Amino acid sequence: MEFEPVIGLEVHVQLKTKSKLFCSCATEFGAAPNSQVCPVCLGHPGVLPVLNKQALDYAVLCGLALNCSISKFSKFDRKNYFYPDLPKNYQVSQFDKPICGKGKITFLINGNEKTIGITRAHLEEDAGKLVHSETGAESGVDFNRTGIPLLEIVSEPDLRTPEEAYMYLHMIKNIIEYLGVSDCNMEEGSLRCDANVSIRPKGQEKFGTKVEIKNMNSFRNVQKALAYELERQEDEILGGGIIVQETRLWDADKNQTFSMRTKEEAHDYRYFPEPDLVPVKLDENYIKSLENQLPELPFDRMNRFTKEYTLTGYDAQVLTSSREIADYYEECANLTDDYKAVSNWVQSELLREINEKKISIKESKVTPSKLTDMLKLIQKGVISGKIAKIVFHEIMRSGKDAEQIVKEKGLVQISNPDELKNIVEKVIKDNKKIVDDYKGGKEKSFMFLVGQVMKATQGKANPQLVTKMLKEAIG
Amino acid sequence: MSLYSKTAVELIGLLNKKEISSRDIVSSVFQRIEQVDTKINAFIYTDKENALKKADEIDKKRVNAEPLGLLGGVPVVLKSNLCCFTWPVSCASKILKGYNCAYTATSVEKLLREDAVPIGYANMDEFAMGSSCENSAFGVTRNPWNTDCIPGGSSGGSAAAVAADETILALGSDTGGSIRQPASLCGVVGLKPTYGRVSRFGLVAYASSLDQIGTLTKTVADNALLLKVISGHDCSDSTSIDRKVPDYPAYLNNSIKGLKIGIPKEYFVDGMDNEVEESVKKSIKTFEGQGAVPVEISLPHTDYAVACYYIIATAEASANLARFDGIRYGARSPQAENLIDLYEKTKSDGFGQEVKRRILLGTYVLSSGYYEAYYKKAQKVRTLIKNDFDTVFKKVDCILTPTSPTPAFKIGEKTNDPLKMYLSDIFTISLNLAGLPGISIPGGFTQSGLPIGMQLAGRPFEEEVILNAAYSFEKNTLFHTTKPTLS
Ligand SMILES: [Zn+2]
């Protein structure tokens, strides 16, 4: 029997507002425990929530970017459960009237377009964080995170493979980063993901019993957990068993999921309308004004890049995978018309360098003008591509202009035959055997000779010229 | 006559003439508390030292001819569910033992801004749940008119303190009648404003969509003054309404000639005390004597109000009171073995019977499978009740009813019969469900000398209309001038 996986994802995105969702506390990550708290977010007696306007703006912006319908009427509800990280023992969330309704996103997977439906996106407050002592004898709560606005984005069960789920997450992160409304950092917890997964015999319309997976702390882990879970479910069914509706936790060390609680043990959250907040009513003008603030989104930008800069789909996808990189690329593209060369340099050298250094592209000393100036030196034949790598790393280190570096380090390409004549002759004289091999038809030997000339000139010789001169000299 | 027995308006007059000082008033009130509170038990907490300090500051301002607030130097008692920075707000519950306010409620902030002098916390039914002040971890408050009787609730301590001259002014909160019913039973004036008129920020919530802070005073004029001070929009309370606050005292003294007073026929059915019914009928005559026109009206969904209230109020309470868990503040059971145990033991030890009953009821009506049948339906009934009033207020300007179906009853009389106790609020509950303002004023006495209160209900944000009608009634009656003997 062949099975088809059915996957839906719930993504929680922390919105990067200046203050919390219902009070004026700061939202800085990494502050000293309980230094960003007040009676409101600590759930003291008598406090009331006041909705943060910026959080509402951000939620609507996200909704628009995810092609969601924006609700002109939405409201907040209380989700009741007891846990020490939840000061009021209820979470203010949205139940039946979320701020964002149905939507969809499109992304490329293996060169093909895939569209995934969004069921809804709603605003809610984050909980605090439990901290346990090493012996486990004591537990503390850090309430700094309590009340930070979260947008929960729920996908339709449209995903069919763990890889699609991975690409979907990337696109969500990409879109939200483009909006600048979240850091989308899974390690810092500003993006979290739970998955609903089931399988059904291929061709069957009815969904199988779904299992919820939690505790995945990277996109790769989501992919791995889904792959594990799909296999587990298939084995279970093929072995004559049945799938139990339950919540399972992903253990990244053991690469397995473990049952946490079954449906029977599931919470009854006793949702009811939050009486301390008035419903949110939005008018057309407000929604329009936010629509006008939307930047060009990654998928559109990718398509434009392929046309405008004649890039392959893959290149355009990499270059638009973050707003910063795409902005950088476009700035370069304004300074040169060698789009392909810029694309290569950005994707290979630049991205590798900033990833290694763990800096943002904006922090890199290789600015778009410095990069394109260097590319011009290659175009003009002043330096070779190989030398350019040396120059690039020097710009990265010192921030100096390419031209200056070339001058200071004497890296100018030797394109004058007179300067190379003696070296070529010496290489031929010193490598008689190799020359004979080449003459005998061993093509590889010729490359060795080129290499010897390059070595003797510290890589500065113009490789085309060297080739030409060697061929002429050997005859 | 001692200063403590005077009204705020009288005292402000004397202060302005520099015949007395604020310290004189505060000292007089504390002298009274020390004299009678062992009999009444209206107070949970007093802060004499700071009250006198504050009085001296105000007196100094007066001497220096600096600008003074509207309540310059007048003492006020707060219900024990209103936050006042550093004070031990207990809600008359064991569960908040050791907790001191981390901030001040907006209404209290407004009192301070107008130079009122907070003197302490009044007793109440635990978390404002009750109609008799018997559900308090700090003992029952006694009715100054007969100390064998309850003062009403849940703002029983506030009402008793005003009636016994242990304060000049008091704040209370009213979720289903918690200001008006004790005001009625203690023979004082008690007003619950329109929902949204007064900020709830800093009021420990019982049922958020019904709670409203209000005023308890000796006279209507004092009430109008105090209401003016605490009313108004507050950015910290999203449910408070941004609407201009009328100068309530300026509306008193208007003629009520032609004022249409609705008398709901559904409120005069079986179960009502004869003496209460007689009083209402006499009151109608009094109003007629001043030119008002009684109109018989119908509020057809009245019968469902109590049931509707106990579903909505307890549902909200079950969430509102969830935070009292022993984790961050207040009492924590020392015997807990694990987390669940900690929640269970803390709540079992900390909450009283009635609070537990309502939390359980509220949890039940919100549970999956019951939500539609109870909570959702109650919300629909609430809308119907609101519609009843909307219809009626097209024909009349205000509505006159008894405040409570009976006068004060004996301590212990209804404690074992919660349903009977719940009916104490049968005339007041509808106004909370509809969000309307209501005032209870002294309207007579029983043969045995217990006060009977009349309730006037008004259109939303027309507190000045019911205050004016109440003032007109007060001017033409002597009930408010009679005082309990407490020697
Ligand atoms: Zn806060």
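Every value quoted in this text rests on a predicted model; they were computed, and no experiment measured them.

Could you give me a rundown of the pattern of salt bridges, with the residues and numbers involved?
Residues and elements named next belong to chain A. According to the stated counting rule, one finds 54 salt bridges over all chains in the structure shown. One salt bridge connects Lys426 with Asp430, and the closest N-O pair in it is separated by 3.0 Å. Residue Lys426 and its partner Asp430 are located together in helix α12 (residues 417–430), separated by four residues, close to a single helical turn. Accessibility expressed as a relative area gives 51% for Lys426, which makes it exposed. Sharing partners across several salt bridges, the network here consists of Glu296, Arg301, Arg304, Glu308, Asp327 and Glu330.

Got a sec to walk through unusual backbone geometry? Specific residues and values, please.
The residue after B:Gly153, namely B:Ser154, is reached through a cis peptide bond having omega 10 degrees. Within the secondary structure, B:Ser154 is located in the loop between β3 (117–122) and α5 (156–163). Backbone geometry at A:Asn89 places phi at a positive 60 degrees, although glycine is not the residue there. Of note, A:Asn89 is situated in the loop between β3 (77–80) and β4 (90–93). Using a relative accessible area of 1% as the deciding quantity, one classes A:Asn89 as buried. Of note, the phi angle at B:Ala92 is positive, near 55 degrees, even though the residue is not glycine. In this structure, B:Ala92 sits in the loop between β2 (75–79) and α4 (106–113).

Could you give an account of the environment of A:Ser343, naming the residues involved and the relevant values?
Residues and elements named next belong to chain A. In this fold, Ser343 is placed in helix α8 (residues 339–357). By relative accessible area, which is 0% here, Ser343 ends up buried. In this structure Ser343 touches Leu311, Asp315, Leu319 and Tyr329, once residues within four positions along its chain are discounted.

Provide a residue-level description of the interface of chain B and chain A, including the pertinent values.
Counting residues at the interface gives 38 residues for chain B and 30 residues for chain A. Buried area between chain B and chain A, both sides added, is near 2700 Å², and the carbon and sulfur share of it is 61%. Taken as a group, B:Ser238, B:Arg323 and B:Arg328 account for 22% of the area that chain B buries against chain A, more than any other trio of residues on that side. One can count one salt bridge joining chain B with chain A. With its nearest N and O atoms 3.0 Å apart, the salt bridge here joins B:Arg200 to A:Asp276. Between chain B and chain A we count 18 residue pairs in polar contact (both at pLDDT 80 or more) in total. Elements supplying a minimum of two residues to the side of chain B that touches chain A: α10 (305–320), α11 (339–350) and α12 (353–366) of chain B.

I'd like a description of the side chain of B:Thr217, backed by residues and values.
Residue and element names in this part refer to chain B. Relative to the assigned elements, Thr217 resides in strand β6 (residues 212–217). On the accessibility criterion, Thr217 (0% relative accessible area) is buried. Polar side-chain contacts of Thr217 include one of 2.9 Å to the side chain of Asn223. Excluding residues within four positions of it along the chain, Thr217 makes contact with Val162, Leu169, Val188, Val189, Asp222, Asn223 and Leu226.

Residue-level account of helix α2 (residues 162–179) of chain A, with values.
Residues and elements named next belong to chain A. Here α2 spans 26 Å end to end across 18 residues, near enough to the 26 Å set by a 1.5 Å rise per residue. Of all 18 residues in α2, 13 are buried; the element is thus mostly enclosed. Positive backbone phi, approximately 70 degrees, marks Gly180, located one or two places after α2.

Just give me the short version of the packing of aromatic side chains, but keep the residues and values in it.
For the structure shown, the criterion picks out 34 aromatic pairs over all chains. Seen in terms of ring centroids, A:Phe82 and B:Tyr343 are 5.2 Å apart; in terms of plane orientation they differ by 55 degrees. Their pairing is tilted. Taken together, the residues A:Phe82 in the loop between β3 and β4 and B:Tyr343 in helix α11 connect one chain to another. Considering the side-chain rings of A:Tyr438 and A:Phe446, the 5.0 Å spacing of their centres and the 35 degrees angle between planes classify their relative orientation as tilted. For the pair A:Tyr438 and A:Phe446, a shared accessibility class is recorded, and that class is buried.

Can you break down a nonpolar patch on the surface residue by residue, with the values?
Judged by side-chain polarity, B:Tyr364, B:Tyr370 and B:Tyr374 come together as a nonpolar surface patch covering roughly 270 Å² of accessible area. Here B:Tyr374 is to be found in helix α13 (residues 372–392).

Would you mind going over the coordination of the zinc ion in detail, with residue names and values included?
Taken together, the protein ligands of the zinc ion are A:Cys23 (SG), A:Cys25 (SG), A:Cys38 (SG) and A:Cys41 (SG), with distances of 2.3 to 2.4 Å. Geometry at the zinc ion is tetrahedral, judged from the four donor atoms that bind it and their angles of 100 to 115 degrees at the metal.

Before we move on, can you summarise the sheet that holds strand β13 (residues 256–262) of chain A with the specific residues and values?
Residue and element names in this part refer to chain A. Judged by pairing direction, the sheet is mixed, and its eight strands sit side by side in the order β5-β6-β9-β1-β10-β11-β12-β13 without closing on themselves. The sheet terminates laterally at β5 (103–109) and β13, the two strands that pair on one side only. Direction aside, the axes of adjacent strands within the sheet are offset by 30 degrees on average. By the bridge criterion, six bridges tie strand β12 (residues 246–251) to β13 in an arrangement that is antiparallel. When the bridges of β13 are listed, Arg248 appears paired with Ser259.

Procedures and definitions
Residues numbered from 1 in each chain as written. Chains lettered and ligands numbered in written order. Predicted model: local features only at pLDDT ≥ 70, side-chain atom pairs only at ≥ 80, totals over all residues. Heavy atoms only, no water. Salt bridge = Lys/Arg side-chain N within 4 Å of Asp/Glu carboxyl O. Helix = DSSP H or I, 4+ residues; strand = E, 2+ residues; numbered from the N terminus. Buried < 20%, exposed > 50% of the residue type's maximum accessible area, 1.4 Å probe, protein only. Contact = heavy atoms within 4.5 Å. Buried area = accessible area lost by both parts, 1.4 Å probe. Polar contact = N/O pair within 3.5 Å; in protein donor to acceptor, adjacent residues only side chain to side chain. Expected span 1.5 Å × (residues − 1). Phe/Tyr/Trp six-rings, centres within 6.5 Å; stacked < 30°, edge-to-face > 60°. Patch = residues over 30% accessible without salt bridge, like charges linked within 9 Å, V, L, I, M, F, W, Y side chains within 5 Å. Areas by Shrake-Rupley, 256 points an atom, 1.4 Å probe, with all protein chains shown as cover. Donors = N, O, S within 2.8 Å, 3.2 Å for Na, K, Ca; no water. Tetrahedral: all angles 85-135°; square planar, octahedral: opposite > 155°, others 65-115°. Pairing = 2+ DSSP bridges. Axes fitted to C-alpha atoms, helices over the stretch in contact; angles between N-to-C directions.

Without other data, these values stay purely geometric and don't point to any function.
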